[in-house]
Amino acid sequence: MRVLSTNIGTSTTFLWNGEEQQTGIFKYPVSEPLRLGKTGVENDTIANRKVHGGLDKACYLFSAEQYPYWKELYPNVDWDLGMFGENLTVAGLDEATARIGNIYQLGTALVQISQPREPCYKLGVRFGDQQILKQFISHGYPGTYVRVLKEGVVQVGDTFILEELSENPLTVKQFYHLLYEKKKNPEIIALAISNMALPEYKRERLKKLKA
């Protein structure tokens, strides 16, 4: 995997149900490296820290290989990298093989895959169409958040060097499907509960389902 673009957002105001709201999802490529902090990317905008940023969602990655699919669906959108609100647009990211818990050296930082991105209405705001939420869920390639184990600097061209392969084989894609499927696979539930790299509250919710 390799970093193709480093992206930063500034606060953008939009109307939602007649009320002004703020979002940081409008991210665009920048020429300078990004500093990855434990709870977020330095100088990036996080409008709602209840659902974005923090230890388990410090930095968001999205696969460059998914862009052609979405460009075909939304040909009239003003396209640029960072369109999905990702801090890092990454070549070679495959959610079907990337395990939750994998640890990578990235630039001078050390990061760990923590959980897939779950889309909210602000993605629809970025695309000008709330239909994208259902499409994003059904497509099954949501990108992934990483936890920053060691703070550091990342720039375009940096590669992900696998430092530790998670012993738990649960992939980002498997967990993403688990979140949204009505009939949940008990084997995948068991894998998720035993995966300590997943946020604790996610595992606790699954334990209640299993019970």
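That block above? That's the structure.
These remarks concern the structure in this document. (Residues numbered from 1 in each chain as written. Predicted model: local features only at pLDDT ≥ 70, side-chain atom pairs only at ≥ 80, totals over all residues. Heavy atoms only, no water.)

A short note on empty space enclosed by the protein
Over the atoms a probe the size of a water molecule is rolled, and this reveals where empty space is left.
So, step 1. This structure, assessed with the given rule, holds 1 cavity of 30 Å³ or more.
So, step 2. Estimated volume of the largest cavity: approximately 270 Å³.
So, step 3. Mapped by element, the contributors of at least two residues to the lining of the largest cavity are strand 6 (40-41) and strand 7 (59-63).
So, step 4. The class makeup of the residues in the lining of the largest cavity is 10 nonpolar, 9 polar and 5 charged. (1 Å grid on protein atoms, 1.4 Å probe; cavity = no way out; pocket = protein on both sides within 12 Å on 5 of 7 lines; lining within 4 Å. Points joined across faces, edges and corners; volume = space filled by probe spheres on them. Helix = DSSP H or I, 4+ residues; strand = E, 2+ residues; numbered from the N terminus. Nonpolar A, V, L, I, M, F, W, Y, C, P; charged D, E, K, R; others polar.)

Let's talk about the pattern of salt bridges
So, step 1. Following the criterion strictly, the structure yields 5 salt bridges and no others.
So, step 2. Between arginine 147 and aspartate 56 there is a salt bridge, with its nearest N and O atoms 2.8 Å apart. Of the two residues, arginine 147 is situated in strand 11 (residues 144-150) and aspartate 56 in the loop between strand 6 and strand 7; the sequence distance between them amounts to 91 residues.
So, step 3. Under the relative-accessibility criterion, arginine 147 is labelled buried at 13%.
So, step 4. In this structure, the salt-bridge partner of lysine 207 is glutamate 204, at a minimum N-O distance of 3.2 Å. Within this pair, lysine 207 and its partner glutamate 204 are both found in helix 6 (residues 200-210), separated by 3 residues, close to a single helical turn.
So, step 5. According to the relative accessible area criterion, glutamate 204 is partly exposed, its value standing at 32%. (Salt bridge = Lys/Arg side-chain N within 4 Å of Asp/Glu carboxyl O. Buried < 20%, exposed > 50% of the residue type's maximum accessible area, 1.4 Å probe, protein only.)

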